[in-house]
Amino acid sequence: TGMPPRRPPRRPLPSVISAGYANWGECDGKVELAARTGVNVIIWFAIELTVAPGGKPVVSGGPNLTCVADTAARLEAGGLPTHHFIS
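Predicted, not measured: the structure shown is a model, and the values here were computed from it.

J.: Quick one: what's the story with the sheet that holds strand S1 (residues 19–22), residue by residue and with numbers?
T.: The pairing of strands in a sheet comes from backbone hydrogen bonds and takes either a parallel or an antiparallel form. One open sheet accounts for three strands, arranged S1-S2-S5; its pairing is parallel. This sheet does not close on itself; its edge strands, each paired only once, are S1 and strand S5 (83–86). For this sheet, the mean inter-axis angle between neighbouring strands, taken without regard to orientation, is 20 degrees. As judged from the four bridges shared by S1 and strand S2 (residues 41–44), these two strands associate in the parallel manner. Within the sheet, the bridge partner assigned to tyrosine 21 lies in S2 and is isoleucine 43.

Below you can see the structure in the form of structure tokens.
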């Protein structure tokens, strides 16, 4: 019917937040280690919002988004549900 796929419902943030900041496009084992040691909110750094010719917004820079999605899926599958933000 042309409808986009439904997204799973979002989990509420935990009552206690331990946040970790991934540095300049970092997406490696340090992020998973942080989650295993208690980080439950991961903030990925950093994207740039610009305007393309013609006025359309463009997101550039930041971490490899495929790596971010794969990392989030591995953490979830490993029993480490985390929340992910990008700055």
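J.: Any details on helix H1 (residues 29–36)? Residues and values, ideally.
T.: Among all positions in H1, only Val31, Glu32 and Ala35 are buried. Along the long axis of H1, the arc covered by the buried residues comes to 95 degrees, so they all point the same way. Away from the buried face of H1 by more than 90 degrees, exposed residues Lys30 and Arg36 are located. Residue aspartate 28 occupies the N-cap position of H1, its side-chain oxygen lying 3.0 Å from the main-chain nitrogen of lysine 30.

J.: Would you mind going over helix H2 (residues 65–77) in detail, with residue names and values included?
T.: In an α-helix, one full turn covers 3.6 residues, which means residues spaced three or four apart are oriented alike. Counted at 1.5 Å a residue, the expected span for H2 with its 13 residues is 18 Å, and the 18 Å between its end C-alpha atoms agrees. Residues Val68, Thr71 and Leu75 constitute the buried set of H2. Buried residues of H2, viewed axially, fall in a sector of 65 degrees; they line one side. What points out from H2, more than 90 degrees from its buried face, is the exposed set Thr66 and Ala77. Those residues of H2 hidden inside the fold are in contact with H1, S2 and S5. Its side-chain oxygen placed 2.8 Å from the backbone nitrogen of threonine 66, asparagine 64 serves as the N-cap of H2.

J.: Just give me the short version of the environment of glutamate 26, but keep the residues and values in it.
T.: Here glutamate 26 shows up in the loop between S1 and H1. Taking the relative accessible area as the measure of exposure, glutamate 26 reaches 17% and is therefore buried. For glutamate 26 and alanine 46, which are 20 residues apart along the polypeptide, the C-alpha to C-alpha distance reads 9.6 Å. The contacts of glutamate 26, once residues within four sequence positions are left out, are Val31, Trp44 and Pro63.

Rules used throughout
- Residues numbered from 1 in each chain as written.
- Predicted model: local features only at pLDDT ≥ 70, side-chain atom pairs only at ≥ 80, totals over all residues.
- Heavy atoms only, no water.
- Pairing = 2+ DSSP bridges.
- Helix = DSSP H or I, 4+ residues; strand = E, 2+ residues; numbered from the N terminus.
- Axes fitted to C-alpha atoms, helices over the stretch in contact; angles between N-to-C directions.
- Buried < 20%, exposed > 50% of the residue type's maximum accessible area, 1.4 Å probe, protein only.
- Arc of directions from axis to C-beta.
- Polar contact = N/O pair within 3.5 Å; in protein donor to acceptor, adjacent residues only side chain to side chain.
- Expected span 1.5 Å × (residues − 1).
- Contact = heavy atoms within 4.5 Å.

The values reported here are purely geometric and, on their own, carry no functional implication.
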